Amino acid sequence: MLRVDLRELARVGAVETRGELKQDDPALEGTDIALREPVVVRGRLQLVGDGRFYWQGRAGAVIQSECRRCL
């Protein structure tokens, strides 16, 4: 989970966000996703007024899967 101190956001206007979702994270339980590395999330959160926020970011992962052409 990404967590941001809202006091920091109010002070500087925008903060960088970073986080990881490990291979054994309960959020992936019940899926057939085979992660080779953790999911990496990076972004930027901005306050846009009256309790409204804008987040722009990227998530990337390396997975292992079978080639569907070969099946």
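The coordinates are above.
Figured I'd write up the structure that's included with this text.

Calculation rules
Residues numbered from 1 in each chain as written. Predicted model: local features only at pLDDT ≥ 70, side-chain atom pairs only at ≥ 80, totals over all residues. Heavy atoms only, no water. Helix = DSSP H or I, 4+ residues; strand = E, 2+ residues; numbered from the N terminus. Contact = heavy atoms within 4.5 Å. Pairing = 2+ DSSP bridges. Polar contact = N/O pair within 3.5 Å; in protein donor to acceptor, adjacent residues only side chain to side chain. Salt bridge = Lys/Arg side-chain N within 4 Å of Asp/Glu carboxyl O. Buried < 20%, exposed > 50% of the residue type's maximum accessible area, 1.4 Å probe, protein only.

Right, let's get into the environment of R42. Its place among the elements puts R42 in strand β3 (residues 39–49). Separated by 25 residues in the primary sequence, R42 and T17 have C-alpha atoms spaced 5.5 Å apart. Contact partners of R42, with chain neighbours within four places excluded, come to T17, R18, W55, G57 and R58.

Time to look at the pairing of strand β4 (residues 52–60). The sheet contact formed by β3 and β4 spans nine bridges and is antiparallel. Counterpart to R44 in the pairing with β4 is Q56. Between β3 and β4, which pair antiparallel in sequence order, lie two residues; one of them, D50, sits at a positive phi of approximately 40 degrees.

To continue, consider the side chain of T17. Relative to the assigned elements, T17 resides in strand β1 (residues 14–21). Within the structure, the side chain of T17 is placed 2.8 Å from the side chain of W55, a separation counted as a polar contact.

Take the pattern of salt bridges next. By the definition in use, this model includes four salt bridges. For the salt bridge of R44 with E16, the shortest nitrogen-to-oxygen distance reads 2.7 Å. You can see R44 sitting in strand β3 and its partner E16 sitting in strand β1, a full 28 residues away along the chain.

Now for unusual backbone geometry. Unlike most non-glycine residues, D50 shows phi in positive territory, near 40 degrees. You can see D50 is positioned in the loop between β3 and β4. Residue class for D50 comes out exposed when judged on its relative accessible area of 83%.

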